[in-house]
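The lines below spell out each chain.
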Amino acid sequence: MLRSLIVMLLAGMLLAQEPAQNPPPAQEEVPDLRITVHVQNVLAPVLVYDRDGNFVNGLAPDQFHLMDNNKEQNIHVDVAYQPISMVILVQANGAVEKMLPSINKIGNLIQPIILGAQGEAAVVAFDHRIRILQEFTSDADKITQAVRKIQPGSSSTHMIDATEEAIRMLSHRPQSRRRIILLIGETRDVGSEARGRETLIGMQLNNIAFYAVDMSRIIEKLTAPPPVPTPDRLPPAMYPMPSGVPATPNTVMQTYGTQGNSADFVPLLLEIYRDAKAIFKRNPVEVFSSGTGGSQFSYYRRNGLEEAIQRIGELLHSEYLLSYSPNNKLDAGFHQISVYVNSPLARRIQVRPGYWMAPDNR
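How each quantity is defined
Residues numbered from 1 in each chain as written. Predicted model: local features only at pLDDT ≥ 70, side-chain atom pairs only at ≥ 80, totals over all residues. Heavy atoms only, no water. Pairing = 2+ DSSP bridges. Helix = DSSP H or I, 4+ residues; strand = E, 2+ residues; numbered from the N terminus. Axes fitted to C-alpha atoms, helices over the stretch in contact; angles between N-to-C directions. Buried < 20%, exposed > 50% of the residue type's maximum accessible area, 1.4 Å probe, protein only. Core = buried A, V, L, I, M, F, W, Y, C linked by side-chain atoms within 4.5 Å. Contact = heavy atoms within 4.5 Å. pLDDT = per-residue confidence, 0-100. Polar contact = N/O pair within 3.5 Å; in protein donor to acceptor, adjacent residues only side chain to side chain. Parallel < 35°, antiparallel > 145°, perpendicular 65-115°, else oblique. Left-handed = near helix turned anticlockwise from the far one by under 90°. Nonpolar A, V, L, I, M, F, W, Y, C, P; charged D, E, K, R; others polar. Right-handed = clockwise from strand over helix to strand, strands pointing away.

Undergrad: Kindly report on the sheet that holds strand β11 (residues 320-324), identifying the contributing residues and their values.
TA: The antiparallel open sheet is built from four strands, whose spatial order is β4-β11-β1-β13. Of all the strands in the sheet, the pair left with one neighbour each is β4 (76-78) and β13 (348-350). Across this sheet, the average inter-strand angle for adjacent strands is 30 degrees, counted without regard to direction. Summarising the sheet, strand β1 (residues 42-49) and β13 pair through three bridges and their orientation is antiparallel. Each residue of the ladder has a partner; that of Leu-47, found in β13, is Gln-350.

Undergrad: Tell me about unusual backbone geometry, and please be specific about residues and values.
TA: A positive phi is found at Asn-70, a non-glycine position, where the angle reads about 65 degrees. Mapped onto the fold, Asn-70 is located in the loop between β2 (64-68) and β3 (71-72). Taking the relative accessible area as the measure of exposure, Asn-70 reaches 71% and is therefore exposed. One non-glycine residue, Asn-207, adopts positive backbone phi at about 55 degrees.

Undergrad: How would you explain the nonpolar core if you had to name every residue and give the values?
TA: Of all hydrophobic cores here, the largest spans 38 residues; its most connected members are Met-86, Ile-88, Ile-103, Ile-110, Ile-114, Leu-182 and Tyr-211. If you tally residues by element for this core, the top one is helix α12 (residues 304-316), at six residues. Ignoring anything within four residues of it in the chain, the contact list for Tyr-211 reads Ile-180, Ile-181, Leu-182, Leu-183, Gly-293, Gly-294, Ser-295, Phe-297, Ile-312, Leu-315, Leu-316 and Glu-319. Membership of the second largest hydrophobic core comes to 23 residues, among which are Leu-89, Ala-162, Met-203 and Phe-210.

Undergrad: Tell me what's going on with the confidence of the model for the chain, and back it up with residues and numbers.
TA: For the chain, the average pLDDT comes to 79, and 70% of its residues sit at 70 or higher. In this model residues 27-37 is a low-confidence stretch, pLDDT under 50, and it forms five contacts with partners more than four residues away in sequence or in other chains. Below pLDDT 50 for its whole length, residues 234-263 participates in 49 contacts with residues either more than four positions away or in separate chains.

Undergrad: Tell me what's going on with the environment of Arg-179, and back it up with residues and numbers.
TA: Relative to the helices and strands, Arg-179 resides in strand β8 (residues 178-185). Overall, Arg-179 belongs to the buried group, its relative accessible area being 7%. Sequence-distant contacts of Arg-179, defined by excluding residues within four places in its chain, comprise Ser-85, Leu-170, Ser-171, Arg-173, Pro-174, Asn-206, Asn-207, Ile-208 and Ala-209. From its side chain, Arg-179 meets the backbone oxygen of Leu-170 in a polar contact 3.3 Å long.

Undergrad: Explain the sheet that holds β8 residue by residue, including any values.
TA: Across the sheet, which stays open at both edges, the six strands sit in the order β7-β6-β5-β8-β9-β10 with mixed pairing between neighbours. Edge positions in the sheet fall to β7 (130-137) and β10 (296-298), since each has one partner strand and no second. Between one strand axis and the next, the sheet turns by 15 degrees as a mean value, whatever way the strands run. With seven bridges joining them, strand β5 (residues 84-91) and strand β6 (residues 120-126) adopt parallel strand pairing.

Undergrad: Any details on the side chain of Ser-318? Residues and values, ideally.
TA: With respect to the secondary-structure elements, Ser-318 resides in the loop between α12 and β11. Residue classification places Ser-318 among the buried positions, given a relative accessible area of 14%. A polar contact is formed between the side chain of Ser-318 and the backbone oxygen of Glu-314, at a distance of 2.7 Å. With residues up to four places along the chain from it excluded, the contact list for Ser-318 reads Val-46, Leu-47, Phe-55 and Asn-57.

Undergrad: Provide a residue-level description of the side chain of Ser-323, including the pertinent values.
TA: When you line up the elements, Ser-323 lands in strand β11. For Ser-323, a relative accessible area of 15% gives the class buried. Setting aside chain neighbours within four positions, we find Ser-323 in contact with Asn-41, Val-42, Leu-43, Asn-74, Ile-75 and His-76.

Undergrad: Outline the packing of helix α5 (residues 159-171) against helix α11 (residues 284-292), supporting the account with residue identities and numerical values.
TA: Running from amino to carboxyl end, α5 crosses α11 at an angle of 30 degrees, the nearest separation of the two axes being 11 Å. Between α5 and α11, the crossing angle belongs to the class labelled roughly parallel. The hand of the α5/α11 crossing is right-handed. For the pair α5 and α11, the contacting residues are Met-159, Ile-160 and Thr-163 in the first and Pro-284, Val-285 and Phe-288 in the second. Split by residue class, the contact of α5 with α11 holds five nonpolar, one polar and no charged.

Undergrad: Account for the pairing of β8, naming residues and giving values.
TA: By the criterion of burial, β8 is predominantly enclosed, with eight of the eight residues buried. Along β8, one buried face is formed by Arg-178, Ile-180, Leu-182 and Ile-184 and the opposite face, lined by Arg-179, Ile-181, Leu-183 and Gly-185, is buried too. In this structure, β5 lies alongside β8, joined through seven bridges in parallel fashion. Bridge pairing links Leu-89 to Leu-183 in β8. As paired strands, β8 and strand β9 (residues 208-214) are joined by seven bridges and run parallel to one another. Along β9, the bridge assignment pairs Arg-179 with Ile-208. Regarding the hand of the β-α-β motif, the stretch spanning β8, helix α6 (residues 196-205) and β9 is right-handed.

Shown next, in the form of structure tokens:
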């Protein structure tokens, strides 16, 4: 009896020492932290050509009218030249080994022909690796040395990954500068992890123009086996004399019969934004250049690279820079840009075809 009483007393003491169980705390509402980024400022570089294909210079700001999805915008036309920030992407894999001696020599052309006194450039080489050989600099000697020391690497060509790195680098440059990517390499991509659709949208959101010097055909010519000679049965008089006129680089408009802002390219962009991946497998460089208002050049001779650099410099220094804050920025989807110039001299206008606006999910 005494033992039972002691056990009961001890149990009561233990129960008294147990802390009272508090009810579970009410779950706090976690705020929605999703952020929807809208385009605040759109930069639309414009080239104006006359009937003979020459640049039309000296146009006044009030001669330009810009439509964004058929809604006229209040635009600002820069009459002063904006300094350039450019990332030079150089393919440095085994396929371009025979071309690298020519590429190594063009570094000293970048500053005087493209950048000018206030411009800056960074140099990036890529195969399966992305190597920043030179951060942004205005020192022409540093640019020249970085291009000169590029060496061939593996067989991969991570061109889209390299473009992603260039976008990251340019996104930190001041918005007052023209942002340019210059690719020197082939049009194909082998092995990139990045997706071309997001890369294109990244360039558009950051107001980056993509220019490319395509080496595909001259590489194919240099690496192809020699043709088997066949006997020539025609007399010399039947062959026409060579013209002696040097070939010049073809812009994307000349090569593909289209303009950067033509209606023909807009359906292709819409398919890209719907994530049709096969488009990028064919020619991502054409999509990047046309989709950002840049240009693509091809060349067939060794000195064609210098001619392409010269032509790109002419294009960049002949542009009119239009900028605006869209008055329809809440409209999701593709925004098509069209520009009209009130001048009898203006016969053809080149501008970026548009940009993608993500839906507001708030």
